[in-house]
Amino acid sequence: MKLAARTGRIVPSPTLSITATAKAMAAQGIDIIDFASGEPDFDTPDSVKVAAEAAIRAGFTKYTASSGIDELRQAIVEKLEAEQGLCYEKSQILVSCGAKHTLYNLAEALFEAGDEVIIPSPFWVSYQDQVLLNDATPVLLETREADGYAISRPMLEARVTSRTKAIIINSPCNPTGAIYDRAILQDIAEVALRRDFVIISDEIYEKILYDGVRHISIATLGPEVAARTVVVNGVSKAYAMTGWRIGYAAGPKELITAMANIQSQSTSNPSSISQKAAVAALRGGDAFTRQMVVEFDRRRRLMVERLNKIPGVSCRMPAGAFYAFPNVAGVFGRRHVQGPIASAADLAAYLLKEARVAVVPGEPFGSPSHIRLSYATSMDSVTRGLDRMQAALGTLR
Ligand SMILES: Cc1ncc(COP(=O)(O)O)c(C=O)c1O
């Protein structure tokens, strides 16, 4: 069978496949510590579950408006206004099956052959493949660990061409945990305005911030910036609702309408029940999220401290999200009985086999000197996982 050429341009999501391997090993009774999965270990809040149960019992189990129910789009409008001071009409909001689907609709609506899309690197694994699937060219903007993964205006300008269609920013960032301060956002906005490209702002980790830092959405930098920005968000991370699959976009009406048309011809509405649950999450206040972040913060400190004690490993303190992203280049070249560790992928394979610890190698994030560990897991798992990693790395020669 001859498949469409685009299928050959992409690979399956590496984070999902490592998580699946770890889960399969656990199902076989192997004692695996899973630092690979990108989801909160907390249960979805009860108030959200109650709303979903009520929706089922009320028979709210049929197709809804393809772009999402009015009540949810209104809750999103109110959230953006209350938290960021951003003003959107309901027609500027599209609800989709998770932020990943939101980003995919966006890529389909916006990108075509010849377009270039700037992606600061390290980057979340799906950005690049979604650009490729839609015939456009990803242009990586490499940032440096030593600079806290910051972007400077000259770095950005050096990547912009007459073909630049968009930039995809992600603050707080998966995998680095870095955040963009106002000055960086201002630089990006000014270059986007002058060179006329779209800003895609993935803000899915906006509420998972530490040390009193507050989230700034680039869309708040002025009406002319908002007019060329699509804010992408969802309930997966902030409300421990990864399985419910609700994400959304807020942006220029013309673009949102095009995305909505694509959705109406592909998936139709996201689950009716999940939409009701998302209304409850967005209207339920942030007490649950704040509590979760307090716990993530304890684990973050422990994980980073422990990683920095392992010879050959160095780890910056992430400012947001729930991942540590240690540099492991100091381990490369060391050997175990089966051979040398030559890459982050080798190290991840070694840790899975020898330490029974699942981590994601940095290569698919555009960062071959790093591995990504999620601390969205219990303190006990953090301690035991780091004990095992330290022991396994200690046997390398
Ligand atoms: C940076 C980033 N964006 C988007 C998503 C997609 O989230 P969801 O589709 O669960 O809403 C993820 C999930 O891991 C992510 O890390």
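Residues numbered from 1 in each chain as written. Predicted model: local features only at pLDDT ≥ 70, side-chain atom pairs only at ≥ 80, totals over all residues.

## Let's talk about the domain arrangement of the chain
Quoted interface sizes are often the accessible area lost when the parts come together. Under the domain assignment used here, the chain contains domain 1 (5-43 + 288-394) and domain 2 (62-283). Placing the centre of domain 1 and that of domain 2 at their C-alpha centroids yields a distance of 26 Å. In this assembly, 33 residues from domain 1 lie in contact with 29 residues from domain 2. Taken together, the elements giving at least two residues each to the side of domain 1 that touches domain 2 come down to α1 (14-27) and α11 (287-308). By residue number, the principal contributor to the side of domain 1 that touches domain 2 is α11, which donates seven residues. For the side of domain 1 that touches domain 2, the per-class residue count stands at 17 nonpolar, eight polar and eight charged. (Domains from an automatic or database assignment. Contact = placed C-beta atoms within 7 Å. Helix = DSSP H or I, 4+ residues; strand = E, 2+ residues; numbered from the N terminus. Nonpolar A, V, L, I, M, F, W, Y, C, P; charged D, E, K, R; others polar.)

## Details of the site of the ligand
Taken together, 13 residues sit near the ligand, with Gly-98, Ala-99, Lys-100, Gly-234 and Ser-236 positioned nearest. Tallied by class, residues from the shell around the ligand come to three nonpolar, eight polar and two charged. (Near = placed C-beta within 6 Å.)

## Considering the sheet that holds strand β6 (residues 198-202)
The strand order across the open sheet formed by seven strands is β2-β8-β7-β6-β5-β3-β4, and the pairing between neighbours is mixed. Both outer strands of the open sheet, β2 (93-96) and β4 (137-142), are each paired with one neighbouring strand and no more. Each adjacent strand pair in this sheet contributes to an overall mean axis angle of 20 degrees, direction not counted. Packing of helix α3 (residues 70-84) onto the sheet brings it into contact with β2 and β8 (247-250), and relative to β2 it is tilted by some 120 degrees. (Pairing = 2+ DSSP bridges. Axes fitted to C-alpha atoms, helices over the stretch in contact; angles between N-to-C directions.)

## Some remarks on the nonpolar core
Counting 122 residues, the largest nonpolar core has Ile-167, Ile-188, Ala-249 and Val-359 as the members making the most contacts within it. The element best represented in this core is helix α4 (residues 99-110), accounting for seven residues. Residues lining this core come from more than one domain, with at least three contributed by each of domain 1 (5-43 + 288-394) and domain 2 (62-283). Ignoring anything within four residues of it in the chain, the contact list for Ile-188 reads Ile-151, Leu-156, Ile-167, Ile-169, Ile-199 and Ile-218. (Core = buried A, V, L, I, M, F, W, Y, C linked by C-beta atoms within 7 Å. Buried ≥ 20, exposed ≤ 12 C-beta atoms within 10 Å, placed from the backbone.)

## Observations concerning the packing of α4 against helix α9 (residues 253-264)
Two elements in contact, α4 and α9, have axes whose closest approach is 9 Å; the angle formed by their N-to-C orientations is 110 degrees. The orientation of α4 relative to α9 falls into the category roughly perpendicular. Where α4 approaches α9, its residues Asn-105, Leu-106, Glu-108, Ala-109 and Leu-110 are matched on the opposing element by Leu-255, Ala-258, Met-259, Ile-262 and Gln-263. (Parallel < 35°, antiparallel > 145°, perpendicular 65-115°, else oblique.)

## As for the environment of Glu-206
Mapped onto the elements of the fold, Glu-206 is located in the loop between β6 and α8 (223-226). Here the alpha-carbon distance between Glu-206 and Cys-173, two residues 33 residues apart in the chain, equals 9.4 Å. Among residues more than four places away in sequence, those in contact with Glu-206 are His-215 and Asn-233.

## Let's talk about α4
Its 12 residues give α4 an end-to-end C-alpha distance of 16 Å, which sits within 8% of 16 Å, the value for a rise of 1.5 Å per residue. Taken across its 12 residues, α4 has 11 buried, putting it largely inside the fold. For α4, the full list of buried residues reads Ala-99, Lys-100, His-101, Thr-102, Leu-103, Tyr-104, Asn-105, Leu-106, Ala-107, Ala-109 and Leu-110. (Expected span 1.5 Å × (residues − 1).)

## What to know about the environment of Ala-277
Following the sequence through the fold, Ala-277 ends up in helix α10 (residues 272-283). Ala-277 sits 219 residues away from Ala-58 along the chain, and the two C-alpha atoms are 13 Å apart. Leaving out residues up to four positions away in the same chain, Ala-277 has contacts with Val-48, Ala-51, Ala-52 and Trp-244.

## Some words on unusual backbone geometry
With glycine set apart, most residues show a phi of negative sign, and most peptide bonds adopt trans. Looking along the chain, the bond that leaves Ser-121 and enters Pro-122 is cis, with omega of 5 degrees. On the secondary structure map, Pro-122 appears in the loop between β3 (116-121) and α5 (125-133). Omega for the bond connecting Asn-174 with Pro-175 falls within 30 degrees of zero, at 25 degrees, which places this linkage in the cis form. Residue placement: Pro-175 occurs in the loop between β5 (164-170) and α7 (182-195). Residues other than glycine seldom take positive phi values, yet Ala-321 does so here, at roughly 65 degrees. When you line up the elements, Ala-321 lands in the loop between α11 and β9 (323-324).

## Here's the deal with the packing of α3 against α10
Their axes nearest at 9 Å, the elements α3 and α10 cross at an angle of 25 degrees. Between α3 and α10, the angle is such that the two are roughly parallel. With respect to the hand of their crossing, α3 and α10 are arranged in left-handed fashion. When α3 is examined against α10, the residues Glu-71, Leu-72, Ala-75, Ile-76 and Lys-79 are found in contact with a partner set consisting of Gln-275, Ala-278, Val-279, Leu-282 and Arg-283. (Left-handed = near helix turned anticlockwise from the far one by under 90°.)

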